[in-house]
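What follows is the residue order along each chain.
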Amino acid sequence: ARLCVITGRPDLIRQIMSAPVDQYGVNHEPGPARVLGANSSTQRAGRKLRRDRRLLVPPFHGEALNAMGGAIREAALTTFGRFGAGDSFVVREVAADFALDVVLHTVFGAESEEDLNTYRDAAMALRQCFEYSAILLHIAFHFDVDWLPPYRRLTAARARLESLLQRDIERARAEPSDSHAILN
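Just so you know, these numbers come straight off a predicted model, no measurement behind them.

Taken together, the side chains of L55, L56 and V57 make up a nonpolar region of the molecular surface, amounting to roughly 270 Å² of accessible area. Within the secondary structure layout, L55 lies in helix 3 (residues 46-56).

Below, the structure is given as structure tokens:
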């Protein structure tokens, strides 16, 4: 029997992420692969995971992270600047908007309002897939059938977001930029 570990505690995530890559295996259940992608870091171990770590870790340390401070500040001012004293809002929704804008600016380098809105729409479509309890139940009970509506919506939403990412990856390769965006 295998032990499956899931955590949200930063100290334990740090322990897992800094452990030797062959200390932990991969959960090959279809649900996480369908949601996060068959080639996501959560589906890798050994040399492939080591390669992914070498690519992913540097942008989240020291000067690279400091360079993102301005974009994070601007996203905070834009997101929270919509509200005045005494305004009511749902913190979860506003925090999700803020986090999405930070990711769009710092990771993908989305600058124009058109790019931001295109990514926001695609990300929201993906997020909405998980607001239906049917998809969560199907994933939990390993009921993995492509033709069911929850999976069709999820597949379409992931494909839309992946096509935007691929477009921007190709653009970044063709037109190198001095942007601090992680994708560059």
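Still more ground to cover, so stick around.
Moving on to the side chain of D101. Structurally, D101 is set in helix 6 (residues 91-106). Look past the residues within four positions of D101 in its chain and what remains in contact with it is A75, T79 and R120.

Next up on the list: the packing of aromatic side chains. Going through the model one piece at a time under the given rule, you end up with 3 aromatic pairs. Consider the rings of F108 and Y119, whose centres lie 5.2 Å apart with planes at 10°: the pair is stacked. Of this pair, F108 sits in the loop between helix 6 and helix 7 (113-129) while Y119 sits in helix 7; the two residues are 11 residues apart in sequence, bridging distant segments of the chain. Accessibility expressed as a relative area gives 22% for F108, which makes it partly exposed. On the basis of relative accessibility, which here comes to 1%, the residue Y119 falls in the buried class.

Moving on to the nonpolar core. Core analysis: the largest hydrophobic core is formed by 16 residues, its most contacted members being L104, A110, Y119, L126, Y151, L154 and L161. Of all elements in the fold, only helix 6, helix 7 and helix 9 (149-174) reach the threshold of two or more residues within this core. If you tally residues by element for this core, the top one is helix 7, at 6 residues.

What counts and what doesn't
- Residues numbered from 1 in each chain as written.
- Predicted model: local features only at pLDDT ≥ 70, side-chain atom pairs only at ≥ 80, totals over all residues.
- Heavy atoms only, no water.
- Patch = residues over 30% accessible without salt bridge, like charges linked within 9 Å, V, L, I, M, F, W, Y side chains within 5 Å.
- Areas by Shrake-Rupley, 256 points an atom, 1.4 Å probe, with all protein chains shown as cover.
- Salt bridge = Lys/Arg side-chain N within 4 Å of Asp/Glu carboxyl O.
- Helix = DSSP H or I, 4+ residues; strand = E, 2+ residues; numbered from the N terminus.
- Contact = heavy atoms within 4.5 Å.
- Phe/Tyr/Trp six-rings, centres within 6.5 Å; stacked < 30°, edge-to-face > 60°.
- Buried < 20%, exposed > 50% of the residue type's maximum accessible area, 1.4 Å probe, protein only.
- Core = buried A, V, L, I, M, F, W, Y, C linked by side-chain atoms within 4.5 Å.

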